[in-house]
Amino acid sequence: MYEQLLQPLDLGPIRVRNRIFNPPHGTSLSHQGVVTDDLIAYHRSRARGGVGLIIMEGMTVHPSYGFEESFLYAGSDRIIEGLNRLAQSCRAEGTPVFGQLFHAGRGVRLSHDGSRPLSYSASDVPDERYRVVPVPMSNEMVWEFIESYADAAERLAQADLDGVEILASMGYLIPQFLNPETNRRDDEFGGDAEGRMRFLREIISHSRARIGPGKTLGVRVTLDEKTDKGLPALDMIEICQILEADGHVDYFSVISGSSAAPDGWIHVFPPMSVAQGFVADDAAQLKQAVTKPVLVAGRINQPQLADEVLTTGKADMVGLARALIADPEFVNKMATGNADDIRACVGCNQACVGHRLAHFPVSCIQNPVSGRERKLGEMEQAGVTKKILVIGGGPAGMKAAVTAAERGHQVELHEKNARLGGQVNLAEALPGRAEFGGVTTNLEQELRQARVSVVLNSQIDDSALRDIAPDHVVIATGADTRLPEVEVEGIEIIDAWSVIRGDVKPGNNVVIADWSCDWAGLGVAEKLARAGHYVRLLSSGCVAGESIQAIVRDQWIGVLHQLGVEMIPYARFYGGVDGSVFFQHMTGGEAIVCEGVDTIVSCYASQANRDCDWIEAIEGLTVWRVGDAVSPRTVEEAVLEGLQLGWSI
Ligand SMILES: Cc1cc2nc3c(=O)[nH]c(=O)nc-3n(C[C@H](O)[C@H](O)[C@H](O)COP(=O)(O)O)c2cc1C
Ligand code: SF4
């Protein structure tokens, strides 16, 4: 199985051992523009996991987009030493490493000191996403940038990386030159298609001249920017054909989306609502037009999907960015017939993209070791085997049980319901969110692997506790829903969880009082709007879904808009009487009144479940609490705490 995925491939002068690559992704594991030991440990663990090729995160090339707190900076020789150590470390595991070079042009969201920096682009066309007006680059500056790319490429070669990739996609600086919408120049870098392409061609030919024929040179391109005013796919295909004819490029890597606008941005980091493998057809289109290998990435999270892309001839290599954040051992598991053990990425974007955009090291809600390899990567066995009882089969309890069992303890997990999963079972029941249930499926597989004994429909009472006679108890009973303390008369008020479960049927005219600003409010609004209810979503934040990852939220808000859901931000819930529901604007203070309401659906703070307080009172028994049973948060913290607790027992 997966034979084709395990075949080697030549990318120019470099041979890779299989067809899976780790696409470039900013990790926030660098420091002051250089490689850290944490970044080396991160990549080494993916190399050890069997991936054929690692293409490192976009490194910036010119001081005008330095931002060394957020990016590796290839504009200085300081980068060489660390890059070299990283390359050696991955090569020792059998994986070559390429580095990606980029400049965002007008797409600037960062600052050096809080003030807005100048941004540079082909022309002064405003950016829709960050609302930036760039400075048009002088002709002299364009040549300076070309040299900066070439200097940076040479540094990567000096660091003994195996290749260099030029990022010519996602609406960043190079596409800003390629696209007539953003390039209004009248010098040799503007005008017709040939002029607009010159910047890219010069970068490539200068870079090739510096790295020589012994290193691979690739280009990352977008065929479909998924936004108005993006460069048409056919134009990009023609550009690739010209680059191929120039003879400097060894491969093309295809991605979708653009940083220039929210709709395009959603497709750069596609959440679970975007179809799996959605870029493969774009790659296939390019593959028919060029002879060099074509690489593709975008929502490929299972070996069978990767295999299909390859065996149908759509691409020559398949990229797994988030899939390897979720499971660095993906390739080894696939290659050894253990594909069922792969912890598949569910496309939630929470701890990977979410952390990155908030300037924290990337991680995964399902795999907290990602980005923390040096802290949590090497598990020590427990000295003495203990009998551990875990009460509660949500993510925190499951992860604590798995980790403790992996360390040699004898673990029993008791769940009062008929299914494991806790609140994941609610989240996955929302429209378009079924994939989130993968969190439970993956943890169930880990429980089997770790040989944890799982007992469902089991409420722990005094006699059960005596029968089990554990050395230690972990309370992971999660949180319970509750209603806010406000006055409601003559109008139905129900909580979001019972709507998701289908326990109650709201009336036609619904107001959602959304304190949480997370998936529950957005999800219930979508569910009810799809079922034909008239829905108003009043959120306590400055935007509905403020608490969740921005790309997931942006996409969801687009869906709610299409469904006609009325969204009102800054709304503090005050109560309701006979069909009228009252809110207060959280800054202006005025009343916001919704009339004709049949049902209020409350998305309010849940509270830690206290069912097992009596166990904590037993003398001589060590008892820990974990996850929402301590304080309600998200799956990410539940899994992280479960892991940390499992480590400490
Ligand atoms: C946290 C994060 C940072 C990323 N940074 C980059 C980058 O620096 N350069 C780039 O070309 N793509 C970047 N990407 C896009 C990925 O290379 C990839 O195309 C995208 O994640 C889709 O693939 P996936 O579904 O396998 O994650 C990033 C993706 C993630 C998740
Ligand atoms: S946090 Fe979510 S999207 Fe990111 S790698 Fe993990 S499962 Fe995938």
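Residues numbered from 1 in each chain as written. Chains lettered and ligands numbered in written order. Predicted model: local features only at pLDDT ≥ 70, side-chain atom pairs only at ≥ 80, totals over all residues. Heavy atoms only, no water.

J.: Any chance you could explain the overall build of the chain here in plain terms?
T.: Helices and strands together make up the secondary structure of the chain, namely 22 helices and 28 strands. By the compact-globule yardstick of 26 Å for 649 residues, the chain fits well, its C-alpha radius of gyration being 26 Å. The principal-axis extent of the C-alpha atoms belonging to the chain is close to 75 × 65 × 45 Å. Pairs at least 24 apart in sequence give 71% of the contacts found in the chain among residues at least 6 apart. (Helix = DSSP H or I, 4+ residues; strand = E, 2+ residues; numbered from the N terminus. Rg over C-alpha atoms; globule rule 2.2 N^0.38 Å. Contact = heavy atoms within 4.5 Å.)

J.: Can you walk me through empty space enclosed by the protein in this structure?
T.: One water molecule sets the probe size; rolling that probe over the atoms shows where empty space is left. Summed over all chains, the structure comprises 3 cavities of 30 Å³ or more. Reported here for the largest cavity is a volume of approximately 720 Å³. Taken together, 43 residues make up the lining of the largest cavity; nearest its centre are Pro24, His25, Gly26, Val268 and Phe269. Elements with a minimum of two residues in the lining of the largest cavity: strand E4 (53-60), strand E5 (97-102), helix H7 (262-268), helix H10 (322-326) and helix H12 (353-357). Residues of the lining of the largest cavity, tallied by class, amount to 27 nonpolar, 10 polar and 6 charged. If you add up the space inside the second largest cavity, you get close to 90 Å³. Around the second largest cavity, the lining comprises 14 residues; the ones closest to its centre are Cys345, Cys348, Cys352, Cys364 and Ile365. (1 Å grid on protein atoms, 1.4 Å probe; cavity = no way out; pocket = protein on both sides within 12 Å on 5 of 7 lines; lining within 4 Å. Points joined across faces, edges and corners; volume = space filled by probe spheres on them. Nonpolar A, V, L, I, M, F, W, Y, C, P; charged D, E, K, R; others polar.)

J.: I tried to follow the domain arrangement of the chain on my own but got confused; where do I start?
T.: Many analyses report the size of an interface as the accessible area lost when the parts associate. Under the domain assignment used here, the chain contains domain 1 (4-375), domain 2 (382-481 + 608-648) and domain 3 (487-605). Between domain 1 and domain 2, the C-alpha centre-to-centre distance is 39 Å. At the junction of the two partners, domain 1 supplies 21 residues and domain 2 supplies 18 residues. Taken together, the two surfaces of domain 1 and domain 2 that pack against each other cover about 1500 Å², and 52% of this comes from carbon and sulfur. Considering only the surface of domain 1 that becomes buried against domain 2, Met272, Ile365 and Pro368 emerge as the three largest contributors, covering 34% of it. Where domain 1 meets domain 2, there are 11 residue pairs in polar contact (both at pLDDT 80 or more). For the side of domain 1 that touches domain 2, the residue count by class is 10 nonpolar, 5 polar and 6 charged. (Domains from an automatic or database assignment. Buried area = accessible area lost by both parts, 1.4 Å probe. Polar contact = N/O pair within 3.5 Å; in protein donor to acceptor, adjacent residues only side chain to side chain.)

J.: Please explain the packing of aromatic side chains as it appears in this structure.
T.: How two aromatic rings sit relative to each other is set out by the distance from centre to centre and by the angle between their planes. This model, assessed by the stated rule, comprises 12 aromatic pairs. Between the aromatic rings of Phe573 and Phe583, the centroid separation amounts to 5.3 Å while the plane-to-plane angle is 35°, which identifies the pairing as tilted. Remark: Phe583 occurs in strand E24 (residues 580-585) and Phe573 occurs in strand E23 (residues 571-577); sequence separation between them is 10 residues. According to the relative accessible area criterion, Phe573 is buried, its value standing at 15%. The exposure class of Phe583 is buried, given its relative accessible area of 2%. (Phe/Tyr/Trp six-rings, centres within 6.5 Å; stacked < 30°, edge-to-face > 60°. Buried < 20%, exposed > 50% of the residue type's maximum accessible area, 1.4 Å probe, protein only.)

J.: What exactly am I supposed to notice about the packing of helix H19 (residues 519-530) against helix H20 (residues 550-562) here?
T.: Between two packed helices, what matters for the description is the angle formed by their axes and the separation of those axes. Following both chains from N to C, one finds H19 and H20 inclined at 25°, their axes separated by 10 Å at the closest point. Overall, the two elements H19 and H20 adopt an arrangement that is roughly parallel. Judged by the twist between their axes, the crossing of H19 over H20 is left-handed. Mapping the contact onto sequence places Trp519, Leu522, Gly523, Ala525, Glu526 and Arg530 in H19 and Trp556, Ile557, Val559 and Leu560 in H20. Among the residues making up the contact of H19 with H20, the classes are represented as 7 nonpolar, 1 polar and 2 charged. (Axes fitted to C-alpha atoms, helices over the stretch in contact; angles between N-to-C directions. Parallel < 35°, antiparallel > 145°, perpendicular 65-115°, else oblique. Left-handed = near helix turned anticlockwise from the far one by under 90°.)

J.: Could you clarify how one ought to interpret the nonpolar core in this entry?
T.: Across soluble globular proteins, nonpolar side chains have a tendency to be buried as a group. Met59, Leu101, Ile166, Phe199 and Leu286 are the most contacted members of the largest nonpolar core, which totals 113 residues. Ranked by the residues each element gives to this core, the list is headed by helix H3 (residues 139-158), at 9 residues. Core analysis: the next-biggest nonpolar cluster, separate from the first, contains 60 residues, Val346, Leu528, Trp556 and Val635 among them. (Core = buried A, V, L, I, M, F, W, Y, C linked by side-chain atoms within 4.5 Å.)

J.: Explain the layout of surface pockets here, please?
T.: The space that makes up the second largest pocket amounts to roughly 800 Å³. Forming the boundary of the second largest pocket are 27 residues, of which Glu329, Arg343, Asn367, Val369 and Gly377 lie nearest the centre. Broken down by secondary-structure element, the contributors of at least two residues to the lining of the second largest pocket are helix H1 (37-48), helix H13 (373-376), helix H14 (395-406), helix H16 (438-449) and helix H22 (635-648). Examining the composition of the lining of the second largest pocket, we find that 4 residues originate from one element, H1, more than from any other. Among the residues making up the lining of the second largest pocket, the classes are represented as 9 nonpolar, 5 polar and 13 charged. When residues of the lining of the second largest pocket are sorted by domain, at least three fall in each of domain 1 (4-375) and domain 2 (382-481 + 608-648).

J.: Explanation requested: the site of ligand 1 in the structure shown.
T.: Among the 21 residues in the neighbourhood of ligand 1, the closest are listed as Pro24, Gln100, Arg220, Arg299 and Arg322. Between ligand 1 and Pro24 there is a distance of 2.6 Å, counted from an oxygen atom to a backbone nitrogen or oxygen. Taking Arg220, its side chain carries an N or O atom lying 2.7 Å from an oxygen atom of ligand 1. Bound to the protein, ligand 1 loses 94% of the 600 Å² it would expose on its own. More than half of the atoms belonging to ligand 1 lie within 2 Å of the grid points that define the largest cavity. Looking at the shell around ligand 1 residue by residue, the class counts come to 11 nonpolar, 6 polar and 4 charged. (Near = heavy atom within 4 Å. Areas by Shrake-Rupley, 256 points an atom, 1.4 Å probe, with all protein chains shown as cover. Sits in = over half its atoms within 2 Å of the grid points.)

J.: When you look at the environment of Leu9 in this model, what are you seeing that I'm missing?
T.: Summarising the element assignment, Leu9 is placed in strand E1 (residues 9-11). Here Leu9 falls in the buried class, since its relative accessible area comes to 12%. Between the C-alpha atoms of Leu9 and Pro270, which are 261 residues apart in sequence, the distance is 27 Å. Residues in contact with Leu9, not counting those within four places in the same chain, are Ile14, Arg15, Val16, Arg19, Pro293, Asp316 and Met317.

J.: What's the story with a negative patch on the surface in this structure? I'm lost.
T.: There is a patch of like negative charges on the surface, built from Glu128, Glu181, Asp228 and Asp263. If you trace the backbone, Glu181 turns up in the loop between helix H4 (173-178) and helix H5 (193-211). (Patch = residues over 30% accessible without salt bridge, like charges linked within 9 Å, V, L, I, M, F, W, Y side chains within 5 Å. Salt bridge = Lys/Arg side-chain N within 4 Å of Asp/Glu carboxyl O. Lys, Arg positive; Asp, Glu negative; His and termini not counted. Charge placed at Lys NZ, Arg CZ, Asp CG, Glu CD.)

J.: I'm lost on the site of ligand 2 in this one. Help?
T.: In the vicinity of ligand 2, the residues found are Arg322, Cys345, Val346, Gly347, Cys348, Asn349, Ala351, Cys352, Cys364, Ile365 and Gln366. When atoms are counted within 2 Å of each cavity's grid points, the one that captures over half of ligand 2 is the second largest cavity. Split by residue class, the shell around ligand 2 holds 7 nonpolar, 3 polar and 1 charged.

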